[in-house]
Amino acid sequence: MKASQGRFFEDFRVGDTIRHAVPRTLGDGERALYHALFPSRHAFNSSTEFARSCGLDGPLDNLLVFHTVFGCTVPDISLNAVANLGYAEGRWLMPVRPGETLAASSEVIGAKENSSGRTGVVWVRTAGRNERGDAVLSYVRWVMVRKRDPGAPAPKPVVPGLSRSVRPQDLVVPQGLSFDGYDFGHAGEPHRWGDYEVGETIDHVDRVTIEEAEHMLATRLWQNTARVHFDATSREDGRRLIYGGHVISIARALSFNGLANAQMIVGLNAGSHVAPCFAGDTVCCWSEVLEKAETGTPGVGALRLRLVAHKPGAAPFALKDEEGKHVDGVLLDLDCWALIPI
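Residues numbered from 1 in each chain as written. Predicted model: local features only at pLDDT ≥ 70, side-chain atom pairs only at ≥ 80, totals over all residues. Heavy atoms only, no water.

**Student:** Can you tell me about the pairing of strand β3 (residues 81-92), naming the residues and giving the values?
**Tutor:** Here 8 bridges tie β3 to strand β6 (residues 135-146), and the two strands are oriented antiparallel to one another. From the neighbouring strand, W92 faces β6, where its bridge partner is L137. The sheet contact formed by β3 and strand β8 (residues 264-273) spans 4 bridges and is antiparallel. Of the residues in β8, the one forming a bridge with A88 is A270. (Pairing = 2+ DSSP bridges. Helix = DSSP H or I, 4+ residues; strand = E, 2+ residues; numbered from the N terminus.)

Laid out in structure tokens, this is it:
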């Protein structure tokens, strides 16, 4: 049989390294499509001249890089997934500029069968590299994957120990980045690193209704072949699930209103897609400042942010109930680091 059905849970072995197809060359076309798909307004990725004034030559949005690398992994990791469960230890290591080619590989670092015997959880550490072999992105994710044969014996469970967050000193500030000549007028807001307080919450006010057409375009752009996104017959309800990364990018774009100067996401500490999202759903967003840190680069600070996407109607800044479960309406709970002028 020449056609692949993708890996099922019993096909994963801890310690295996998977080299993913297909390398992707990214250009200004991808940049334009990204801005067409999401209401992204952060100046750093909207204006090449703005980025140059900060010492960098017009890099592509770090989430565009993430989606591209993630999409490369789907046929090997999550083609038969029930759900993408979480992220950890994510770091952007080097800017990606138009014209560069990205490839991905993943190491299987954990596997554990679920009690039902029908699925299991697989942990992988994925690296994205450019055509020179330089690592541009690294992250861990874990996925619930179907078993091909529920009667197949379960492997010995291996659950990796993961850091709760990326340490500030391990964040990579791109070489050459400088906010010395930062134009707050063009950026859209006056708020600096020192204007934010730990524990502060920000309602980003704006909202976006997701359309089927834009989601399908985005999923094809990232070459994300997971059946639940493409094939309406893969779910009993006949609905195509919105790719979780699509919700991440919408939430990030909405966060501009209140966090316009948080110009680059450089760390992914944790994240969960709390509830399914479908075409027709409207997404709102709020953030909480979890931590502040100075970097080794003068004038460049870092904010650790909780980015929460939810449907309208949820109570303001509501996240979890007394039992620690996410409240109804929450779609995404993401913990990330972003760079901002001090």
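**Student:** Lay out the pairing of strand β9 (residues 282-294) with the relevant residues and their values.
**Tutor:** Put simply, side chains in a regular strand alternate between the two faces of the sheet. Relative to β9, strand β7 (residues 201-209) is paired through 6 bridges, and the arrangement is antiparallel. Paired with D203 across the strands is W286, a residue of β9. Two elements, β9 and strand β10 (residues 300-310), share 10 bridges in a ladder whose sense is antiparallel. Residue pairing across strands places C284 opposite H310, the latter belonging to β10. Linking two consecutive strands that pair antiparallel, namely β9 and β10, is a turn of 5 residues; a positive phi of about 85 degrees is found at G299 within it.

**Student:** I'd like a description of helix α1 (residues 28-37), backed by residues and values.
**Tutor:** Where α1 is concerned, the buried positions are E30, R31, Y34 and L37. In a view along the axis of α1, the buried residues occupy a sector of 130 degrees, so they form one face of it. Contact partners of the buried residues in α1: β2 (24-25), α2 (43-46), α3 (48-53), α4 (62-77), α6 (212-221) and α8 (244-254). (Buried < 20%, exposed > 50% of the residue type's maximum accessible area, 1.4 Å probe, protein only. Arc of directions from axis to C-beta. Contact = heavy atoms within 4.5 Å.)

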